[in-house]
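# Observations on chain architecture
As a plain string of letters, each chain reads:
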Amino acid sequence: MTYRIVQWSTGNVGRHAIAGIDAHPDLELAGVWVSNRDKAGRDAGELAGLGRNLGVRATTDSDALLALKPDCVVYTAMADDRLPDALDDLRRILRTGVNVVSSSPVFLQFPDGVVPGEVSEPVRAAAAEGGASLWVNGVDPGFANDWLPLVLTGICQRIDEVRCFEILDYGTYDNRKVVFDIMGFGRPMDETPMLLQPGVLSLAWGSVVRQLAAGLGVSLDSVEERYERLPAASTCDISAGTIPAGTAAALRFEVRGMRDGRPVCVLEHVTRLRGDLGPDWPQPSGQGCYRVQVTGEPNYTLDLRLLGSDGDHNTAGLKATAMRLVNAIPAVVAAPPGLLTALDLPLITGRGLVR
């Protein structure tokens, strides 16, 4: 069966999703939505950097794309700074009867206990009205801290703690809004950025620890968050801009799912803009990695190293997010209508992708 797909946005993740749709034998790119009018009319292959045309031109006309009645929309538009608009988009698409796989808003990957019902229930209602499904995922939040750790726990005798790490150098991550405005890099150390406002870490990654707990049959008493930052010793240039000396250049945070006064499910990020920052913090395997650490009997450490064909780990992370969504399309289309989680879907593989 061939599934007709609309790609919604062509940014850092969306352009990789287009390439993934084109490479998948069971998927056909039917349309591409863009917010930037300068991209309208350009071929999807050009926007994805494929070096060839795909015969599908981008448009800002969302009504025309939904009128195509695609089987699924791959929604990769950024939601961090436009949350109400993103939720409106998802509800609208679902009400038309079109399934959605999405990289945002991230809390919808497992919203129960993370956001109030008035945020998630309208999404569920729209899915029920349209008879469609929504699955929000990626690599983090997503594969690196849902199926990867849960599969590893299947060879445990006792589990004391499951800890999921992202250990990455963001120096080559070319997204100024995320790096500067949201994460606060390059900003004064006494300035609290959006990401570190009280409750934001738990909003973004509380879904991770709660889904892990659900997968392990554990009831959490609470979710806690903590962080620390380090300044740049000297001015340096990164892909997203310039980091002045003395401004924030490294961040380490935890979102901890607590039971009986101790952490049992933990999400930890170690983010540097230079490899020499925070030498006593956890170090990556290779250029960058996602790590699962299970403490119990026995103890396990599993590293998932990232490296794109261009030699950059951040490219690999963006492509992993895109392909987690693209490869899940057949399973999401086949699923009952509703707001799905990773716990609802069967094993998703790269079926059909071997060349």
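Each value, and the rule that gives it
Residues numbered from 1 in each chain as written. Predicted model: local features only at pLDDT ≥ 70, side-chain atom pairs only at ≥ 80, totals over all residues. Heavy atoms only, no water. Helix = DSSP H or I, 4+ residues; strand = E, 2+ residues; numbered from the N terminus. Contact = heavy atoms within 4.5 Å. Pairing = 2+ DSSP bridges. Axes fitted to C-alpha atoms, helices over the stretch in contact; angles between N-to-C directions. Core = buried A, V, L, I, M, F, W, Y, C linked by side-chain atoms within 4.5 Å. Buried < 20%, exposed > 50% of the residue type's maximum accessible area, 1.4 Å probe, protein only. Parallel < 35°, antiparallel > 145°, perpendicular 65-115°, else oblique. Nonpolar A, V, L, I, M, F, W, Y, C, P; charged D, E, K, R; others polar.

## Points about the side chain of threonine 153
Locating threonine 153 in the fold gives a position in the loop between helix H6 (147–152) and strand S7 (158–169). Setting aside its immediate chain neighbours within four residues, threonine 153 contacts Ile159, Val162, Leu216 and Val294.

## Considering the sheet that holds strand S3 (residues 58–59)
In spatial order, the strands read S3-S2-S1-S4-S5-S6-S15; together these seven strands make up an open sheet with parallel pairing. Pairing within the sheet leaves two strands with one partner each, and these edge strands are S3 and strand S15 (338–340). In this structure, strand S5 (residues 99–102) lies alongside strand S6 (residues 133–136), joined through three bridges in parallel fashion. For valine 101, the partnering residue across the bridge sits in S6 and is tryptophan 135. Running at roughly 170° to strand S4 (residues 72–75), helix H4 (residues 83–95) makes contact with strand S1 (3–8), S4, S5 and S6 of the sheet.

## Re the nonpolar core
In this structure, Trp135, Leu195, Trp205 and Ile243 are the most contacted members of the largest nonpolar core, which totals 85 residues. When residues in this core are grouped by element, the largest group, seven residues, is from helix H8 (residues 200–216). The contact partners of tryptophan 135, leaving out residues within four places of it in the chain, are Val100, Val101, Ser102, Arg324, Ala328, Val332, Leu340, Thr341, Ala342, Leu345 and Ile348.

## A word on the sheet that holds strand S13 (residues 289–297)
The strands making up a sheet associate through backbone hydrogen bonding, with each pair oriented either parallel or antiparallel. Spatially, six strands are ordered S8-S11-S12-S7-S13-S14 in an open sheet, and the strand pairing comes out mixed. Every interior strand has two partners, whereas the edge strands, strand S8 (222–231) and strand S14 (300–305), have only one. For this sheet, the mean inter-axis angle between neighbouring strands, taken without regard to orientation, is 15°.

## Concerning the environment of alanine 19
Residue placement: alanine 19 occurs in helix H1 (residues 14–23). Taking the C-alpha atoms as reference, alanine 19 lies 41 Å from serine 222; in sequence the two are 203 residues apart. Alanine 19 has contacts with Ala48 and Leu50, leaving out every residue within four places of it along the chain.

## Observations regarding the packing of H4 against helix H5 (residues 117–130)
Helix-helix packing is described using two parameters, namely the angle between the two axes and the distance between the axes. The N-to-C vectors of H4 and H5 enclose an angle of 20°; their axes lie 7 Å apart at closest approach. Here H5 runs roughly parallel to H4, going by the angle between their axes. Contact with H4, carried on its side by Leu87, Arg91, Leu94 and Arg95, involves Val119, Pro122, Val123, Ala126, Ala127, Glu129 and Gly130 of H5 and no other residues of that element. When its residues are assigned to classes, the contact of H4 with H5 shows seven nonpolar, one polar and three charged.

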